[in-house]
Amino acid sequence: MSAKKTALTVLSAALLVPAMLVVPASAAPTPPPPADGKGQPPKAPNAPAPPASMSTVGGARLGQPGTQVNPLPGAPALPADLSGRSWIVADAETGEVLAAHNAHWRLPPASTMKMLFADTVLPSLPKDQVHRVSEQEIDGVGAGSSLVGVKEDQEYSVHDLWLGVFLRSGNDAVHVLSAMNGGVDKTVKDMQAHAEELQALDTHVVSPDGYDAPEQVSSAYDLTLVARSGLQKQDFREYCGTAEAKFPGRQEAGRPREYFEIQNTNRLMTGAGGIPPYKGIAGVKNGNTTMAGSTFTGAAQRGDKKLLVTVMNPDDGGANSVYEETAELFDWGFAAAGKVKPVGELVPPKSADTSPLGSPAKSHEKDGPSAGGGASGSSGLGTALGIAGGAMAVLAGGAFVVNRRWPRGRRGPGAGS
């Protein structure tokens, strides 16, 4: 049976949202001064503390606990109500880290792990390939998983399945694509190898879908590296930037196949849950599990500036906290561009690290979680977020140019400190 094309619906260019999102004021008395003096309120007494020493991939400052920022005259203050256990704001094109908080804290990633899954597996499966799903391929989906509605003994194109992964965070679609890639075990190994190649060395992969599993961790720094890599791929940009689509339902003999609407669970894109759509948003992926709390990596553009923001596990709780804090960090990052000294940088993949200066980071998989302390470098890896006039657009045929501007030389260890 030939694959039927899905109908994609994209965000309208007419979407207008306030430049600054308003967070409700607290009814509590005036809080005490921030613990670190840089806009971060004290954590709750029972909140876990970050490790005293973390990886220094990307710069020595990124291995230090707490908030790292180097404001220049005229720089805006960081939002005062951030509660994410870990977060990072980076320039998507230059790779400069504008500010970070516990950037290398290894935490459960939830479904943001699907970015690594897609960046690893997507290039190897033709999007028009059609696959009939077996019962065994979806038997291993964890209880309580998010699902798009894949059914056994039904046919789906790879294109359909990736829409299910990105829009509905469908673990069922992940397991089918993993089976097509040679199985879950092989896919996990492939993902771990790709993380190593990207120098995402805080990441340990146990399940391809981000389902809670012992020792499955990543970091805000790593998730940002992965998102940046994924955004080099046209299909990745299309899927993560799609707001709505039609997904195949059951196919019965002699009758047209049924389709049903699916919507992206990224609330900054769709405006679900009372969150205004963020002007210029282009993806990338959200997640939520018991162990991870809420996680989110987003990409957005304002003018010619493109930013990546990752927030992991806000202590404030609530379904919208991770989106509110991401939006605040986007607003800060756009306002702070050119007014802060970078505190680090997103390193290039190992295979692209050909400069005689610096050296690739060591792998925590072999040397422990704090390994990797010598690598740094300006990646200069351009992204093509596909944004025009402040609104996301899904376009076909390679309409976006990916600029790969590797630096002539790299700074030595501890760059950005």
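Conventions we followed
- Residues numbered from 1 in each chain as written.
- Predicted model: local features only at pLDDT ≥ 70, side-chain atom pairs only at ≥ 80, totals over all residues.
- Heavy atoms only, no water.
- Helix = DSSP H or I, 4+ residues; strand = E, 2+ residues; numbered from the N terminus.
- Buried < 20%, exposed > 50% of the residue type's maximum accessible area, 1.4 Å probe, protein only.
- Contact = heavy atoms within 4.5 Å.
- Areas by Shrake-Rupley, 256 points an atom, 1.4 Å probe, with all protein chains shown as cover.
- Phe/Tyr/Trp six-rings, centres within 6.5 Å; stacked < 30°, edge-to-face > 60°.
- Expected span 1.5 Å × (residues − 1).
- Axes fitted to C-alpha atoms, helices over the stretch in contact; angles between N-to-C directions.
- Parallel < 35°, antiparallel > 145°, perpendicular 65-115°, else oblique.
- Left-handed = near helix turned anticlockwise from the far one by under 90°.
- Nonpolar A, V, L, I, M, F, W, Y, C, P; charged D, E, K, R; others polar.
- Core = buried A, V, L, I, M, F, W, Y, C linked by side-chain atoms within 4.5 Å.
- Salt bridge = Lys/Arg side-chain N within 4 Å of Asp/Glu carboxyl O.
- pLDDT = per-residue confidence, 0-100.
- Polar contact = N/O pair within 3.5 Å; in protein donor to acceptor, adjacent residues only side chain to side chain.

S.K.: What is the right way to look at the overall build of the protein chain in this model?
M.R.: Of the regular secondary structure elements, the protein chain holds 10 helices and 15 strands. Relative to its 417 residues, the protein chain shows a buried fraction of 55%. Expressed as a percentage of contacts within the protein chain between residues at least 6 apart in sequence, the contacts between residues at least 24 apart total 71%. Total accessible area on the protein chain is roughly 16,700 Å²; 55% of this is exposed by carbon and sulfur atoms.

S.K.: How should I be thinking about the packing of aromatic side chains in this particular structure?
M.R.: The geometry of two aromatic rings is summed up by the distance between their centres and the angle between their planes. On inspection of all chains with the given rule, the structure shows 9 aromatic pairs. When the ring of tryptophan 162 is compared with that of phenylalanine 166, the centres are 6.4 Å apart and the planes differ by 45°; the resulting orientation is tilted. You can see tryptophan 162 and its partner phenylalanine 166 sitting in helix α3 (residues 158-168), 4 residues apart, about one turn around the helix. The pair tryptophan 162 / phenylalanine 166 is uniform in exposure class, with both members buried.

S.K.: Please clarify how helix α5 (residues 184-198) should be interpreted in this entry.
M.R.: Think of an α-helix as turning once every 3.6 residues; residues three or four places apart then point the same way. The end-to-end C-alpha separation of α5 is 21 Å, in line with the 21 Å expected for 15 residues at 1.5 Å each. Buried within α5 are the following residues: Thr187, Val188, Met191, Gln192, His194, Ala195, Glu196 and Leu198. Once α5 finishes, glutamine 199 follows within two positions and takes phi at roughly 65°, a positive value.

S.K.: Just checking my understanding: could you explain the packing of helix α1 (residues 113-121) against α3 for this structure?
M.R.: Between two packed helices, the angle of one axis relative to the other and the distance separating the axes together describe the packing. The contact between α1 and α3 brings their axes to 11 Å, and the two run at 160°. When the interaxial angle is binned, α1 and α3 end up roughly antiparallel. Of the two elements, α1 crosses α3, and the hand of that crossing is left-handed. Where α1 abuts α3, its residues Lys114, Phe117, Ala118 and Val121 lie against Trp162, Val165 and Phe166.

S.K.: Which parts of the structure should I look at to understand helix α4 (residues 171-180)?
M.R.: With 9 of 10 residues buried, α4 is to be regarded as a mostly interior element. Every buried residue of α4 is listed here: Asn171, Asp172, Ala173, Val174, His175, Val176, Leu177, Ser178 and Met180. Where α4 is buried, its residues meet α1, β5 (130-132), α2 (135-139), α3 and α5. Glycine 182 occupies a position one or two residues after α4 and carries a positive phi of about 110°.

S.K.: Is there a simple way to think about the packing of α1 against helix α6 (residues 220-230) in this case?
M.R.: Where α1 meets α6, the closest approach of the two axes is 9 Å, and the angle between their N-to-C directions is 35°. Crossing of α1 over α6 shows left-handed handedness. Contacts between α1 and α6 involve Met115, Leu116 and Asp119 from the former and Leu223, Val226, Ala227, Ser229 and Gly230 from the latter. Considering only residue class, the contact of α1 with α6 consists of 5 nonpolar, 2 polar and 1 charged.

S.K.: Sorry, what's going on with the nonpolar core here?
M.R.: Considering soluble globular proteins, one finds that nonpolar side chains tend to be buried as a cluster. By size, the foremost hydrophobic cluster in this structure holds 64 residues, and its most contacted members are Val150, Trp162, Phe166, Leu177, Tyr221 and Phe236. In terms of residues, this core owes the most to one element, α3, which gives 7 residues. Ignoring any residue separated from it by four or fewer positions in sequence, one finds valine 150 in contact with Val133, Ile138, Tyr156, Leu161, Asp172, Ala173, Val176 and Phe247.

S.K.: Hey, could you run me through the pattern of salt bridges in this one?
M.R.: Oppositely charged side chains can form a pair if their charged atoms are brought close together. Considering all chains together, one arrives at 12 salt bridges under this definition. Where lysine 233 meets aspartate 119, a salt bridge forms, and the shortest distance between an N and an O atom there is 2.5 Å. With a gap of 114 residues between them, lysine 233 in the loop between α6 and α7 (234-240) and aspartate 119 in helix α1 connect regions that are remote in the sequence. Owing to a relative accessible area of 22%, lysine 233 belongs among the partly exposed residues under this scheme. The shortest N-O distance in the salt bridge between aspartate 235 and lysine 127 comes to 3.3 Å.

S.K.: Just checking my understanding: could you explain the environment of glycine 210 for this structure?
M.R.: Within the secondary structure, glycine 210 is located in the loop between α5 and α6. The exposure class of glycine 210 is buried, given its relative accessible area of 3%. The spatial distance from the C-alpha of glycine 210 to the C-alpha of methionine 115 is 9.6 Å, given a sequence separation of 95 residues. Not counting residues within four places of it along the chain, the set of residues in contact with glycine 210 comprises Ala110, Ser111, Met113, Gln216 and Thr289.

S.K.: Looking at this structure, how should I read the confidence of the model for the protein chain?
M.R.: In low-pLDDT segments, the atomic positions of the prediction should not be examined closely. Here the protein chain averages 79 in pLDDT, while 73% of its residues score no lower than 70. This model gives residues 1-42 a pLDDT under 50, and the stretch forms 73 contacts once residues within four places in sequence are excluded. Here residues 356-417 is a poorly scored stretch, pLDDT under 50, and it has 177 contacts once near neighbours within four places are set aside; other chains count.

S.K.: Mind showing me how you'd approach the side chain of aspartate 202 here?
M.R.: Looking at where aspartate 202 falls in the secondary structure, it is placed in the loop between α5 and α6. Polar contacts involving the side chain of aspartate 202 include one to the side chain of histidine 104, which spans 2.5 Å. Looking at aspartate 202, its side chain comes within polar contact range of the side chain of serine 219, at 2.7 Å.

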